[in-house]
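Fold and geometry: a report
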Amino acid sequence: MRYLITFLVLFPVWLVWSDMFDAFHLTLGVVACAVVTRLSHDLLFKRTDFSGLPREAARFLSYLLWLLYQVVLANVHVVYLALHPRMPIDPQLVKYKSMLKKDLPRVVFANSITLTPGTITAHVADGEFTVHALSRKTAADLMNSDMEQRVARIFEED
């Protein structure tokens, strides 16, 4: 069933993006979507219990608003660093051991770090994040783990 649902999600998206409706391109689309479905069906629909999904979606939207605010604050800080006469940057690689256990929360956390100006997630392995921080402030902000706790709250990880 997961294969069929995955294919039925992918193929209409392919149709809209390709904008090609002749037999040759439709056949290519079916084959491409079938191959992608076969390789990735478990990524799209991994869960079997959808009862907590609305609550999780609401927490995620709330997190996105908070993240947007953090991005604005980080932008202001990066502008300050760039326009300051002495350019007080102090780039560094920071290793951060995360409490997040599952892959999806780790991906959300890593992407949130990268979306925030002044930080880039360079590597993730076994729950340890290597992050490039532009200044001591951005490194310290990462270490306070507020972002990680909010991500954990979305997915109810403790």
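The preceding data block contains the structure.
Here is a short report on the structure shown in this document. (Residues numbered from 1 in each chain as written. Predicted model: local features only at pLDDT ≥ 70, side-chain atom pairs only at ≥ 80, totals over all residues. Heavy atoms only, no water.)

1. Description of helix α4 (residues 103-115)
Between the first and last C-alpha of α4 there are 18 Å, a value that for 13 residues agrees with the 18 Å anticipated at 1.5 Å per step. Within α4, burial applies to Pro105, Arg106, Val108, Phe109, Ala110, Ser112 and Ile113. (Helix = DSSP H or I, 4+ residues; strand = E, 2+ residues; numbered from the N terminus. Expected span 1.5 Å × (residues − 1). Buried < 20%, exposed > 50% of the residue type's maximum accessible area, 1.4 Å probe, protein only.)

2. Details of the layout of surface pockets
As a volume, the second largest pocket reaches approximately 360 Å³. Taken together, 17 residues line the second largest pocket, and the ones lying closest to its centre are Gln70, Thr116, Asp141, Leu142 and Met147. Sorting the residues of the lining of the second largest pocket by element identifies α3 (53-83), α4, α5 (136-143) and α6 (146-154) as the ones contributing at least two each. Among the elements that line the lining of the second largest pocket, the one with the most residues is α3, at five residues. For the lining of the second largest pocket, the residue count by class is eight nonpolar, six polar and three charged. (1 Å grid on protein atoms, 1.4 Å probe; cavity = no way out; pocket = protein on both sides within 12 Å on 5 of 7 lines; lining within 4 Å. Points joined across faces, edges and corners; volume = space filled by probe spheres on them. Nonpolar A, V, L, I, M, F, W, Y, C, P; charged D, E, K, R; others polar.)

3. Examining the packing of aromatic side chains
Applying the stated rule across the entire model yields five aromatic pairs. Measuring from ring centre to ring centre gives 5.6 Å for Phe7 and Phe11, while their planes differ by 5 degrees; the resulting arrangement is stacked. Linking Phe7 with Phe11, this pair stays in helix α1 (residues 2-18), spanning four residues, or about one helical turn. (Phe/Tyr/Trp six-rings, centres within 6.5 Å; stacked < 30°, edge-to-face > 60°.)

Honestly, it's all geometry; don't read function into it.
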